[in-house]
Amino acid sequence: MARFWVCVAGAGFFIAFLVLHSRFCGSPVLRNFTFAVSWRTEKILYRLDVDWPKHPEYFSGTTFCVAVDSLNGLVYIGQRGDNIPKILVFTEDGYFLRAWNYTVDTPHGIFAASTLYEQSIWITDVGSGFFGHTVKKYSSFGDLVQVLGTPGKKGTGLNPLQFDNPAELYVEDTGDIYIVDGDGGLNNRLIKLSQDFMILWLHGENGTGPAKFNIPHSVTLDSAGRVWVADRGNKRIQVFDKDTGEWLGAWNNCFTEEGPSSVRFTPDGKYLIVAQLNLSRLSVVAAPPVGSIGECSVISTIQLADQVLPHLLEVDKKTGAVYVAEIGAKQVQKYVPLNSYVPAFGS
């Protein structure tokens, strides 16, 4: 297995740190290479945790998504492949706990929505089999609790609610759910559901104008009540009011090369972490103040090796660690903030 970390350093130097994990005759070999080339000034905000996970051999398929249960210190990973477990569960320290595969066809996005009273795992399933084109809620041990959509049947309907390649979701502590539906399927929409699964508002038209989408691929919220959507095909991030659904603005100046594939905020709300799949790049972007969207401003980048392909990511709301699901490298990597203290989300 190979692991790569390249980050941009301050003082006008581009620092590259390459870590290769290889196995020869059953023994791991570790090699470090460093080099510096004059480039531009950026901050170093994260370091790669080269010891996570402890047993990467459990990555037996293509890793598409990752979720973090910050309350219980658990990391959930969705992978694809034949005759393999689809969901892997690790501790935040990297120890493997368990795997499950019940009623999971082809996972695309995953979200951990845990409270003091319940541990819930939500999965968007884009498979063509009996369990595909759905958004499903599970217990932490893989027991199926709730199914949204018409299993095995793609569609555009709202009553009953149907999906076609639902990409990702975000669940608030209130139980309200935000779903981006349309990873190349019939739909290009953002839907907000109440905790009892009633549609509160939606934007659902393909196009390039405000509140229209072309492959809405990821969705997240900030502490100011704004919904941020990675509008991947349109090479932009769109922003909405979480209560009314009102369109607030868009960022496109940072994504001229490729659209964003994943978006998540740091626990202190200061930064938005953005993945760009085919560029194999993570960007740390300054979050705008309340009442303003402004323009995208990149503070730092993590340039991964070619063909690593970061698909979706998650940020631990307690520690600030960033977990990245890489479909090219077929692994999940963990990046730790250099500043060990990260204020709690919303504080």
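In what follows, the accompanying structure is described. (Residues numbered from 1 in each chain as written. Predicted model: local features only at pLDDT ≥ 70, side-chain atom pairs only at ≥ 80, totals over all residues. Heavy atoms only, no water.)

1. A closer look at the side chain of Q162
For step 1, the next point in the chain: Here Q162 is to be found in the loop between β12 (144-148) and β13 (166-171).
For step 2, the next point in the chain: Side chain to side chain, Q162 and T150 meet in a polar contact 3.3 Å long. (Helix = DSSP H or I, 4+ residues; strand = E, 2+ residues; numbered from the N terminus. Polar contact = N/O pair within 3.5 Å; in protein donor to acceptor, adjacent residues only side chain to side chain.)

2. Re the pairing of strand β11 (residues 134-139)
For step 1, the next point in the chain: By the criterion of burial, β11 is predominantly enclosed, with six of the six residues buried.
For step 2, the next point in the chain: By the alternation rule, side chains of β11 split into T134, K136 and Y138 and V135, K137 and S139, which are all buried.
For step 3, the next point in the chain: Two elements, strand β10 (residues 120-125) and β11, share six bridges in a ladder whose sense is antiparallel. Residue pairing across strands places W122 opposite K137, the latter belonging to β11.
For step 4, the next point in the chain: Between β11 and β12, which pair antiparallel one after the other, the connecting turn spans four residues, and G142 there sits at a positive phi close to 95°. (Buried < 20%, exposed > 50% of the residue type's maximum accessible area, 1.4 Å probe, protein only. Pairing = 2+ DSSP bridges.)

3. Notes on the nonpolar core
For step 1, the next point in the chain: The biggest cluster of nonpolar side chains holds 26 residues, and the ones touching the most others in it are W122, L169, L190, V219, V227, V229 and F240.
For step 2, the next point in the chain: Listed by contribution, the elements that provide at least two residues to this core are β13, β14 (177-181), β15 (189-193), β17 (216-221) and β18 (226-231). (Core = buried A, V, L, I, M, F, W, Y, C linked by side-chain atoms within 4.5 Å.)

4. Observations concerning the packing of aromatic side chains
For step 1, the next point in the chain: Applying the stated rule across the entire model yields 13 aromatic pairs.
For step 2, the next point in the chain: Between W100 and Y138, the aromatic rings sit 5.1 Å apart at their centres with planes inclined by 40°, giving tilted as the arrangement. Placement of the pair is W100 in strand β8 (residues 96-100) and Y138 in strand β11, with a sequence separation of 38 residues.
For step 3, the next point in the chain: Relative accessible area serves as the criterion here: at 3%, W100 is assigned to the buried category.
For step 4, the next point in the chain: Here F213 and F240 contribute two aromatic rings whose centre-to-centre distance is 6.0 Å and whose plane-to-plane angle is 45°, an arrangement assigned as tilted. Within this pair, whereas F213 is found in the loop between β16 (199-203) and β17, its partner F240 is found in strand β19 (residues 236-241), the two being separated by 27 residues in sequence.
For step 5, the next point in the chain: Here F213 falls in the buried class, since its relative accessible area comes to 0%.
For step 6, the next point in the chain: Against the face of F64 rests R80, its NZ or CZ located 3.5 Å from the ring centre.
For step 7, the next point in the chain: In this arrangement the basic side chain of R98 is found over the ring face of F141, its NZ or CZ atom lying 3.9 Å from the centre. (Phe/Tyr/Trp six-rings, centres within 6.5 Å; stacked < 30°, edge-to-face > 60°. Lys NZ or Arg CZ within 6 Å of the ring centre and 35° of its normal.)

5. Observations regarding the sheet that holds β13
For step 1, the next point in the chain: If you walk across this open sheet you meet the four strands as β13-β14-β15-β16, and the pairing is antiparallel. Two strands close off the open sheet at either side, each with one partner strand: β13 and β16. Ignoring which end each strand starts from, the neighbouring axes of this sheet average 15° apart.
For step 2, the next point in the chain: Where β15 and β16 come together, four bridges link them in antiparallel fashion. Along β16, the bridge assignment pairs K192 with W201. (Axes fitted to C-alpha atoms, helices over the stretch in contact; angles between N-to-C directions.)

6. Some remarks on the pattern of salt bridges
Note that side chains of opposite charge can pair when their charged atoms are close.
For step 1, the next point in the chain: Enumeration over the complete set of coordinates arrives at 11 salt bridges.
For step 2, the next point in the chain: Of the charged contacts in the structure, one is a salt bridge between R236 and D231, with a shortest N-O distance of 2.8 Å.
For step 3, the next point in the chain: A salt bridge links R264 to E314, with the shortest nitrogen-to-oxygen separation between them at 2.9 Å. In this pair, R264 is assigned in strand β21 (residues 262-265) and E314 in strand β25 (residues 310-315), connecting sequence segments 50 residues apart.
For step 4, the next point in the chain: For R264, a relative accessible area of 2% corresponds to the buried category.
For step 5, the next point in the chain: With relative accessibility at 6%, the residue E314 sits in the buried group.
For step 6, the next point in the chain: Counted as one network, the salt bridges with shared partners bring together E168, R264 and E314. (Salt bridge = Lys/Arg side-chain N within 4 Å of Asp/Glu carboxyl O.)

7. Points about the environment of W122
For step 1, the next point in the chain: Among the secondary structure elements, W122 is positioned in strand β10.
For step 2, the next point in the chain: Distance from W122 to L169, taken between C-alpha atoms, is 7.9 Å for residues 47 residues apart in sequence.

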